[in-house]
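Understanding the architecture of this molecule
Single-letter residue listing:
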Amino acid sequence: MRSLLPIITICAAIIAIWYAGTIRMNAQWEYDQAERAGVEIPFTEMVANTMSQERPMLPAPHQVAAEIWETTAEKKLTSKRSLVWHSWITLSATLLGFAFGAILGIALAVGIVHSRAMDRSVMPWVIASQTIPILALAPMFIVVLNALNVEGAVAKAAISTYLSFFPVVVGMVKGLRAPDQMQLDLMRTYNASASATFWKLRLPSSLPFLFPSLKIAAAASLIGAVVAEMTLSQDGGLGARLLNGSYYGQTMMIWAALIAASLLAGVLVAMIGGAGKATMKRMGMGR
Amino acid sequence: MIPIRHWIVVTVSLVGTALLFLGAFLTLPAAGEPAPGYLWVALIGAWIIAWKSVSVVAEVFDGRRAATPAAALIFGITLLLIWEIVVRGAQISPVILPPPSAIAARFAASTDILWADFLQTAKGVFAGYFIGCTVGFLAAIAIDRSPFLTRGLLPIGNLVAALPIIGVAPIMVMWYGFDWHSKAAVVIIMCFFPMLVNTVEGLQAADRMQKDLMRTYAASYGQTLMKLRLPAAAPFIFNGLKICSTLALIGAIVAEFFGTPIVGMGFRISTEVGRMNVDMVWAEIAVAAIVGSAFYGAVALIERAVTFWHPSQRG
């Protein structure tokens, strides 16, 4: 692990900058408090105080860690205050949307590769569909889907699906077209049918493209779920925690939710990466 | 040259599609009445013929520049027409899905509001985009000199790209207030890492041979950077700029959900949804789609002008 040391160094630098930022952002409040009390506050005491404010502008890393510990390990899992409970709500919507998006994306890619009309007419609209900032329209889609009596989790998953199908389509189209003319000609000399060519040549050669696309799709899917939850906040979820935190000025709650969401994203991406590596290895493409 | 019989085939299929759509329009019932069955027959027929004409156009113009735009245009117009006929024929409540004509009417009637919203949001988008991309670019050039930092930053940058950074929006609104500055801050944070990672990767794109050549010329670091490595990195840099252009618009609009002065696209979307004015929301969607496509298109055009030598631009 040649790059372990540099990564650790960078992480340490980020945490150091975070602590410095904590002192800088929270100092004003400490000085104001001291002035109101009519006392002069020494610098060292001010620095110590900025680390333990009740509602800091920027909480220190250890405060956020304490908040996460408190809301995960020390609360019952079913409690509405448990971060695990909220994370599970977000994760379930994410996974549902991700599954739909991946299936839709693969199906569209197969159609695009096999039909010239679909390639010419659908592909530009797949690209155009992504210029609509769907995240920004999440509130409307949630309201509309609500009016159609669609359940909350499914409505959130719909947004995730919309975000996650695109990278899969693009990646899979590229992947399914990856076999070169030579290989396609060989299939032809075998008198292989279109489906045999698909299952034995195109699909296997698309897998190295599929897994990176799935990683992007999973990350996008999570973002979709979190933003949808900002609208559908009565159902809970990490997005709802962000919104409530911002309403009540609970900065620690916001940061804890952010870290939880980041961990979810990291774990999802790492799992897909691991699955991709294992698959490549079994197919003899691993390095 | 396209043979004349191809022109005839294309014209006939297009006219057929148009006639069937016209027929479907004429049989649309008045509001409150159920649609007659033959409306749906005409609609399905129109859809099939439109589909056919797309494949005809795709085949006849195959390999010509106009093929993709023409097919896409026919597909898009078909989609809008079907949307209009289905919404009006099936009497779908305008709260759920307004017909395109109603959205167009609302768009035309409220251009002043849409323009004001656009101006407010654009300030955050473009200020953030410009600063975020510049800082990411400069940071990449700075850390590129140290292989140690590059090795540490690339995995972290890739990880950060997967994180829901948009969640910092409430924090930025808390720090920098309701006006466009907080939106610009969100956009800066969202643009920084994609730009950094892409630029760093791009700077490694120049191959050994070319770098050695610069060395035999006794080129300085600055000369190598300006004459070889930055041009070689341009495709990657533009990739980053394109990714950031879509992120910037989304970031600014979502940040507006957490508080704005009473103007801005995100503000308008969230309030009009609350008041069930869905056609106004769709008008904002249209603005967002136009602005998003134009922004992306502008970056792509600049890319074409700057990296005209790259294989991906010569196809």
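Please read these numbers as outputs of a predicted model, since none were measured by experiment.

What counts, and where the lines are drawn
Residues numbered from 1 in each chain as written. Chains lettered and ligands numbered in written order. Predicted model: local features only at pLDDT ≥ 70, side-chain atom pairs only at ≥ 80, totals over all residues. Helix = DSSP H or I, 4+ residues; strand = E, 2+ residues; numbered from the N terminus. Buried ≥ 20, exposed ≤ 12 C-beta atoms within 10 Å, placed from the backbone. Contact = placed C-beta atoms within 7 Å. Axes fitted to C-alpha atoms, helices over the stretch in contact; angles between N-to-C directions. Parallel < 35°, antiparallel > 145°, perpendicular 65-115°, else oblique. Left-handed = near helix turned anticlockwise from the far one by under 90°. Nonpolar A, V, L, I, M, F, W, Y, C, P; charged D, E, K, R; others polar. Expected span 1.5 Å × (residues − 1). Arc of directions from axis to C-beta. pLDDT = per-residue confidence, 0-100. Core = buried A, V, L, I, M, F, W, Y, C linked by C-beta atoms within 7 Å.

**Comments concerning the overall build of chain B**
Summing up its helical and strand segments, chain B has twelve helices and zero strands in all. Start at the N end of chain B and walk to the C end: the helices and strands fall as α-α-α-α-α-α-α-α-α-α-α-α. Sorting the 315 residues of chain B into buried and exposed places 38% on the buried side. Nonlocal contacts in chain B, meaning residues at least 24 apart in sequence, comprise 74% of its contacts between residues at least 6 apart.

**With respect to the packing of helix α4 (residues 83-114) of chain A against helix α11 (residues 251-282) of chain A**
Residue and element names in this part refer to chain A. Where α4 meets α11, the axes come as close as 11 Å, and the angle between the chain directions of the two elements is 50 degrees. With respect to each other, α4 and α11 are oriented oblique. Seen along the crossing, α4 lies across α11 with a hand that is right-handed. On the side of α4, the interface is formed by Leu83, Ser87, Thr90 and Leu91, while α11 contributes Ala256, Ala260 and Leu264. For the contact of α4 with α11, the residue count by class is five nonpolar, two polar and no charged.

**Digging into helix α3 (residues 61-72) of chain A**
Residues and elements named next belong to chain A. With twelve residues, α3 extends 16 Å from end C-alpha to end C-alpha; this agrees with the ideal 16 Å at 1.5 Å per step. Among all positions of α3, only Val64, Glu67 and Thr71 are buried. The buried residues of α3 occupy one face: seen down the axis, they fall within an arc of 60 degrees. Against the buried residues of α3 lie α4 and α11.

**Observations concerning the environment of Ala196(A)**
Residue and element names in this part refer to chain A. Tracing the backbone shows Ala196 in helix α9 (residues 194-231). Exposure remark for Ala196: the 12 C-beta atoms within 10 Å place this residue in the exposed category. Taking the C-alpha atoms as reference, Ala196 lies 81 Å from Ala37; in sequence the two are 159 residues apart.

**Notes on the interface of chain A and chain B**
Of the residues lining the interface, 42 residues belong to chain A; the matching set on chain B comes to 51 residues. Contributions of two or more residues to the side of chain A that touches chain B are made by α1 (4-37), α5 (116-129), α6 (134-147), α9, α10 (238-247) and α11 of chain A. For the side of chain A that touches chain B, the element with the most residues is α6(A), which contributes eight residues. Residues that form the side of chain A that touches chain B fall into these classes: 30 nonpolar, nine polar and three charged.

**Section: unusual backbone geometry**
Despite not being glycine, Asn191(A) has its phi angle at roughly 60 degrees, a positive value. Counting through the fold element by element, Asn191(A) comes out in the loop between α8 (181-189) and α9. The backbone of Ala218(B) shows a phi angle near 60 degrees, a positive value even though the residue is not glycine. Inspection of the secondary structure assignment puts Ala218(B) in the loop between α9 (208-216) and α10 (221-256).

**Some thoughts on the confidence of the model for chain A**
The predicted model of chain A averages 82 in pLDDT, with 96% of residues at 70 or higher. When mean pLDDT is taken per element in chain A, α8(A) scores highest with 90 and α5(A) scores lowest with 72.

**Regarding the packing of α9(A) against α10(A)**
Residue and element names in this part refer to chain A. Contact pair α9 / α10: the axes reach a minimum separation of 6 Å and the direction vectors enclose 50 degrees. Here α9 lies oblique to α10, going by the angle between them. Viewed along their axes, α9 and α10 form a crossing whose handedness is right-handed. For the pair α9 and α10, the contacting residues are Val226, Val227, Ala228, Glu229 and Met230 in the first and Leu238, Gly239, Ala240, Leu242 and Leu243 in the second.

**Let's talk about the nonpolar core**
Grouped together as the largest cluster of nonpolar side chains are 133 residues, with contacts concentrated most on Leu222(A), Val187(B), Cys191(B), Ala248(B) and Val254(B). Not counting chain neighbours up to four residues away, the residues in contact with Ala248(B) comprise Val125(B), Gly128(B), Tyr129(B), Val187(B), Met190(B) and Cys191(B). With 17 residues, the next largest nonpolar core counts Ala117(A), Phe21(B), Leu43(B) and Leu81(B) among its residues.

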